[in-house]
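Take a look at the letters that make up each chain.
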Amino acid sequence: MAGVKKIRYGTPAHRRVLDAVLARRKLSRDEFVSKRAGSWKQAEEQFLAYLPTTENDALRKLERKGGKPQYTTIEIPYSYAVMMTAHTYLTTVFLARNPIFQYTGRHGESADKVRSIEAVMDYQNQVGEMLVPQYIWLYDALKYGVGVMGSYWAEETSIISRIEERPKTMFGIPLGETEKVHVRETVRGYTGNKLFNIRPANFFPDPRIPLSDFQKGEFAGRDVDVSWNTIVKGFDSGAYFNIDALSRMRVSGKAHDREEGSPQMNLPEAEPTLAPADIKDMGYVHLHEMVIELIPKDWGLSSGTSPEKWAFTVANEVVLISAQPLGFYHNKFPFFPIEPELNGYSQVNRGMLEIIKPLNDVMTWLVNSHFFNVRKVMNDQFVVDPSMIEMSDILDPGPGRMLRLKPTAYGMDVRTAVTQLAVTDVTQGHIRDVQLIADIIQRVTGVNDNIMGMIASGGRKTATEVRSSSTFGINRLKTTAEYISAQGYSKLASVLIQTTQQNYKMEQVFRVAGKLAGEAAPWVDVDPESIAGFYDFIPVDGTMPIDKLALANTWKELLLAIQKMPQIAQRYDLAKIFAYTAELAGLKNIEQFRIDIKPDAVLQDAAQRGNAIPLTGGGGNGGGSTPTDEVGAARAAQPRQVEGLGPLS
């Protein structure tokens, strides 16, 4: 904030900047959010397998309450199964890597530096709790057609408060009494990048640019609700100002125009406080955070005449509480949208649920119409002469009905009083048609039965047939994964590493990421110098990770084959191959069984220095002769286990 004057509430500068920020939010809402809100709402309802209650459904519900069984319209959640299968594939491809963020040096950076930066990013991914936002990021992309994630640099501290009993003193002299003292201690917490998800309806990008070229826009922002304590903490750290005005304006703050989406989604309720602030519940504040590329001189912010990125925060749409340069060397908007559909010209693309919704609706109609007809067939239809039959008996829905004749029909042929109509189930083929629609959905999405974990019926299947069927579907999803990697993960990984290099000031020891058995130095010392340089994110190629158990079996067969070929065994370290194979099989403690075998010359030197004693059997001098030649001394210095066993027995 050096050289930047804080904008006081109520000044012309405050109103000018506030109106400019809110105008961009309105533009994005009108041209981006409003156009897609209907599709996002349908996607939420389809994913929840929810169908709005029709008038007939309401009537049938009343009849069920009256004791008459009725059929209920159901939604077939086949699209849910397809989407979750695709999500499982993407999370396996992206999040099963170890480490998740893998880098390579761009200008000849050493392997030690690459190891250091990967160790830092793995620490941030685990301790910074980045995994959950990444799962939701991929989930939103499939569900809504766009998934949005943001990042920021966090230097967390906590105020630890406790009551301690300490001796009373006067001028440093103990008085012999104790008193209870309230102690407050500031404890340093996590330092590093943090990720957060943005609901698409709360995301406000520049609508004049497609999301595939998102970084070329002039602004981007989001809506978020935060507690009053968060505002106070931000003020204490220097991030917020004008909170006195915000505290006064909270009682008159208007409810924000949030896009609610499906009524089946239970969104958190955090409306601005409408009553005077209660000391027991300070409520929540609605924030609109926006990053704008602007010329500071035109906005009256500074004397700069070149475009810069500035971050603004508006509280409850009435008070500007933050206005400062973005300040990051990467100079990117700190938001990362991804789309599963490849269309570089549309403002925003469709999600998987929207693509297959028409087919899923046909499947739902086929199933419901069939069950409706089955119930119609099960409920016998009769032609009745009301002059001969007591109608109350006919209308009784209970089983085992007894039909009573009226006195005028006594002695007459009862078959003339009641006749059952012949009915035919015209929907017998609907269930077969459901399978046809399911096959079409699989061809549209590339998610087939084998990827879902179900082997197609119809006789025995060879391993080649199963593998080929799965491969064809995976190739479709592989392209989607590669596109998401290029559009989102590569940009995110670049921003994370540049932010770390800019803000990382201390020296720490981190565990090496992705370490396998046999590697030396499981820990690495990391300081700002060791992570300096230029690095490229190793892109995800979209292929599924190799099954470790199958890979372990392959290495086992290879190890057995190498032992039979001495000319090959001499060129490879069989002990390391064995340890690597064991770790692939899931054995984590193989290292504790390793024995360090030292060369004969080293043992002989240690014996001469008195640092090693030969292990011999018997009593006195060991029960055996002491070798006098050098070879015998070296052999005697070798470690032995139980007398009579081993190579020295």
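Residues numbered from 1 in each chain as written. Predicted model: local features only at pLDDT ≥ 70, side-chain atom pairs only at ≥ 80, totals over all residues. Heavy atoms only, no water.

Caption draft 1: Seen up close, the overall build of the protein chain. Within the protein chain, the secondary structure is distributed over 17 helices and 14 strands. The buried share among the 649 residues of the protein chain stands at 39%. A fraction of 70% describes how many contacts in the protein chain between residues 6 or more apart in sequence connect residues 24 or more apart. Just so you have it, the protein chain exposes about 37400 Å², and 55% of that area is on carbon and sulfur atoms. (Helix = DSSP H or I, 4+ residues; strand = E, 2+ residues; numbered from the N terminus. Buried < 20%, exposed > 50% of the residue type's maximum accessible area, 1.4 Å probe, protein only. Contact = heavy atoms within 4.5 Å. Areas by Shrake-Rupley, 256 points an atom, 1.4 Å probe, with all protein chains shown as cover.)

Caption draft 2: Region of the structure containing the sheet that holds strand β3 (residues 173-198). In space, the three strands of this open sheet follow the order β3-β2-β9, with antiparallel pairing throughout. Looking at strand neighbours, the two that pair on one side only are β3 and β9 (335-338), the edges of this open sheet. Averaged over neighbouring strand pairs, the angle between their axes works out to 25° when direction is ignored. Pairing between strand β2 (residues 147-170) and β3: 21 bridges, direction antiparallel. Across the sheet, the residue bridging to Val148 is Ile198, located in β3. Across the sheet, helix α4 (residues 111-127) touches β2 and β3, and the angle it forms with β3 is around 105°. (Pairing = 2+ DSSP bridges. Axes fitted to C-alpha atoms, helices over the stretch in contact; angles between N-to-C directions.)

Caption draft 3: Structural view of unusual backbone geometry. The omega torsion across Asn98 and Pro99 is 0°, close enough to zero to call that bond cis. Here Pro99 is to be found in the loop between α3 (78-95) and β1 (103-105). The phi angle at Asn331 is positive, at roughly 55°, despite the residue not being glycine. Tracing the sequence through the fold places Asn331 in the loop between β8 (319-325) and β9.

Caption draft 4: Highlighting the pattern of salt bridges. Scanning the entire structure with this criterion turns up 19 salt bridges. One salt bridge connects Asp223 with Arg25, and the closest N-O pair in it is separated by 2.7 Å. Residue Asp223 is found in strand β5 (residues 219-227), and its partner Arg25 is found in helix α1 (residues 12-47); the two are separated by 198 residues along the sequence. The salt bridge partner of Arg162 is Glu164, with a shortest N-O separation of 2.7 Å. Judged by relative accessible area, Arg162 falls into the partly exposed class, the value being 32%. (Salt bridge = Lys/Arg side-chain N within 4 Å of Asp/Glu carboxyl O.)

Caption draft 5: Highlighting the layout of surface pockets. What the largest pocket holds in volume is close to 1900 Å³. Contributing to the lining of the largest pocket are 42 residues, with Tyr152, Trp153, Ala154, Ala239 and Tyr240 lying nearest its centre. Breaking the lining of the largest pocket down by element, the ones donating at least two residues are β2, β3, β5, α6 (228-236), β6 (284-294), β7 (308-315), β8 and α12 (463-503). Ranked by the residues each element gives to the lining of the largest pocket, the list is headed by β2, at nine residues. For the lining of the largest pocket, the per-class residue count stands at 20 nonpolar, 14 polar and eight charged. (1 Å grid on protein atoms, 1.4 Å probe; cavity = no way out; pocket = protein on both sides within 12 Å on 5 of 7 lines; lining within 4 Å. Points joined across faces, edges and corners; volume = space filled by probe spheres on them. Nonpolar A, V, L, I, M, F, W, Y, C, P; charged D, E, K, R; others polar.)

Caption draft 6: View of the nonpolar core. Membership of the largest hydrophobic core comes to 61 residues, with the highest contact counts inside it found for Leu90, Phe94, Phe101, Tyr103, Met363, Tyr489 and Leu492. Among residues more than four places away in sequence, those in contact with Leu492 are Phe101, Trp137, Met149, Leu195 and Phe336. If you look at the next biggest cluster of nonpolar residues, it comprises 20 residues, including Val146, Phe196, Phe203 and Leu326. (Core = buried A, V, L, I, M, F, W, Y, C linked by side-chain atoms within 4.5 Å.)

Caption draft 7: Quick look at the side chain of Ser369. With respect to the secondary-structure elements, Ser369 resides in helix α9 (residues 352-378). The buried category is assigned to Ser369, whose relative accessible area is 17%. Looking at Ser369, its side chain comes within polar contact range of the main-chain oxygen of Trp365, at 2.8 Å. In this structure the side chain of Ser369 is engaged in a polar contact, spanning 2.9 Å, whose partner is the side chain of His430. (Polar contact = N/O pair within 3.5 Å; in protein donor to acceptor, adjacent residues only side chain to side chain.)

Caption draft 8: Just the confidence of the model for the protein chain, in detail. In this model, the protein chain carries a mean pLDDT of 80, and residues with pLDDT of at least 70 account for 79%. For the protein chain, the element scoring lowest by mean pLDDT is helix α17 (residues 630-637), at 50; β9 scores highest, at 96. Per-residue pLDDT stays below 50 along residues 272-276; that stretch engages in 15 contacts with residues further than four places along the chain or on separate chains. Taken together, the stretch residues 617-628 has pLDDT below 50 and engages in ten contacts with residues farther than four places along the chain or on a different chain. (pLDDT = per-residue confidence, 0-100.)

Caption draft 9: Broad picture of the sheet that holds β8. The sheet built from five strands is open, its strands ordered β4-β5-β6-β7-β8 with antiparallel pairing. Looking at strand neighbours, the two that pair on one side only are β4 (203-205) and β8, the edges of this open sheet. The mean angle between the axes of side-by-side strands here comes to 20°, regardless of whether they run parallel or antiparallel. The pairing of β7 with β8 spans six bridges and is antiparallel.

Caption draft 10: Summary view of empty space enclosed by the protein. Enumeration according to the criterion identifies three cavities of 30 Å³ or more in this entry. Volume-wise, the largest cavity comes out at about 50 Å³. Surrounding the largest cavity, Ala37, Trp40, Lys41, Glu44, Tyr144, Arg199, Pro200, Ala201, Glu259 and Gly261 form its lining. Here the element with the most residues in the lining of the largest cavity is α1; it accounts for four residues. Within the lining of the largest cavity, the residues separate by chemical class into five nonpolar, one polar and four charged.

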